[in-house]
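Inside the fold
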Amino acid sequence: MYKQLLEKILEYERITVFRHQRPDGDCMFSAYALSCFLKDNFKEKQIRIAGKEEYDLFPYTEDVPDEFIKSSLGIAVDTSTIARVDDKRLESCDYIIKIDHHPAIENYGNLNYVDDKAGAVGELLTEILFSGDFASYYKSKEVCKYLYCAILADTINFRTSSTTANTLKAGALLAEKGDLVISELSDYILNVSSTVFRKITDIRKHLNISGSFGYIILNNEDLADIDIPALEAKNHITEIGNIIDLNIWAFAVESEGRFDCSIRSKKNYRVNDIAMKYNGGGHFNASGVRGLSIEQLTEMFNELHERSSQ
Ligand SMILES: [Mn+2]
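These numbers were taken from a predicted model, which means no experiment stands behind them. (Residues numbered from 1 in each chain as written. Predicted model: local features only at pLDDT ≥ 70, side-chain atom pairs only at ≥ 80, totals over all residues. Heavy atoms only, no water.)

A word on the pattern of salt bridges. Tallied over the full model, the rule gives 11 salt bridges. A salt bridge links Asp 202 to Lys 205; the nearest nitrogen and oxygen atoms lie 3.3 Å apart. Ionic pairing is found between Arg 307 and Asp 273, a salt bridge with its closest N-O pair at 2.9 Å. Pair noted here: Arg 307 is in helix 13 (residues 294-308) and Asp 273 is in helix 12 (residues 272-277), with a separation of 34 residues, a long-range link. Here Arg 307 falls in the buried class, since its relative accessible area comes to 19%. (Salt bridge = Lys/Arg side-chain N within 4 Å of Asp/Glu carboxyl O. Helix = DSSP H or I, 4+ residues; strand = E, 2+ residues; numbered from the N terminus. Buried < 20%, exposed > 50% of the residue type's maximum accessible area, 1.4 Å probe, protein only.)

Structure below.
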């Protein structure tokens, strides 16, 4: 099933792994795990990771010259569209492979491996690296650890609606093969410092609940008061997800006079169609929209509110 992927890896001397803008744990750990796997098994090849934006928990960037990229096999992980890729030079790669778990709206690769049922791209990569085609290749403890962290980060400790039996199987396989200490890795990905905990407490005060719809809007003033950057604040949407009586929840932050908004929902409540109406997109239960006016944001919240009571 992954024979063509292996053939392309064998064919190229240079491989560059790409990731998406504003990298999250799934994307960052998956890119790093893939690059470790390739370095371990193909010592004669040159492996690089492209992308300049950093992920706080695991900041990792390296310089990759244009020349290198042009002669590379480019493998993009966790990135649904070319517009989302951190380093646009992906398009100049000699051959492109996409490995992703977002709905396949743009198959920009020469080869595309997309499984939108996977809870994380780390889950799909686990399936690939432990498949028959890659059976004879070495999977280090480090590779197992980072793939496991990727899954933990996107499924928030195996609890999002995208988590399936397959996700747990991937997690169990990685824990076994990598001899992982599960509680330590959960702490590493999910625990926060006392400073962040206090900020979360302040963020929670901005929660509004209307029926089965909950939302937080933080304008510039709120963000300054809490002393948190907009992007970091938005990650705390998971806090609202812990409320059992909500079907849909959203988190909007002001950015350059407009609002960026993340939307999440319970299993049967679709939100990506509404996000797409406002030029956003994403998964059935997890979407995002950028650059909304306050009027558009209000309009979208009305639609989400209505959907949440259906
Ligand atoms: Mn992901």
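A separate point is the pairing of strand 6 (residues 207-210). Judged from the four bridges that link them, strand 6 and strand 7 (residues 213-218) form a sheet pairing that is antiparallel. Pairing of Ile 209 across the sheet is with Gly 214, part of strand 7. Between strand 6 and strand 7, which pair antiparallel in sequence order, lie two residues; one of them, Gly 211, sits at a positive phi of approximately 65°. (Pairing = 2+ DSSP bridges.)

Interfaces are frequently sized by the accessible area removed from exposure as the parts join. For the protein, the domain assignment lists domain 1 (3-189) and domain 2 (194-308). At the junction of the two partners, domain 1 supplies nine residues and domain 2 supplies 11 residues. At the boundary of domain 1 with domain 2, total buried surface from both sides reaches about 840 Å², with 45% on carbon and sulfur atoms. Interface area lost by domain 1 to domain 2 is led by Arg 22, Pro 103 and Ser 161, which between them contribute 57%. Put simply, domain 1 and domain 2 have four residue pairs in polar contact (both at pLDDT 80 or more) between them. Looking at the side of domain 1 that touches domain 2 residue by residue, the class counts come to two nonpolar, four polar and three charged. (Domains from an automatic or database assignment. Contact = heavy atoms within 4.5 Å. Buried area = accessible area lost by both parts, 1.4 Å probe. Polar contact = N/O pair within 3.5 Å; in protein donor to acceptor, adjacent residues only side chain to side chain. Nonpolar A, V, L, I, M, F, W, Y, C, P; charged D, E, K, R; others polar.)

Contact geometry for helix 4 (residues 121-129) and helix 5 (residues 141-155): axes closest at 8 Å, N-to-C directions at 145°. Contacts from Gly 122, Glu 123, Leu 125, Thr 126 and Leu 129 of helix 4 reach helix 5 at Val 143, Leu 147, Ala 150 and Ile 151. Its residues assigned to classes, the contact of helix 4 with helix 5 comprises six nonpolar, two polar and one charged. (Axes fitted to C-alpha atoms, helices over the stretch in contact; angles between N-to-C directions.)

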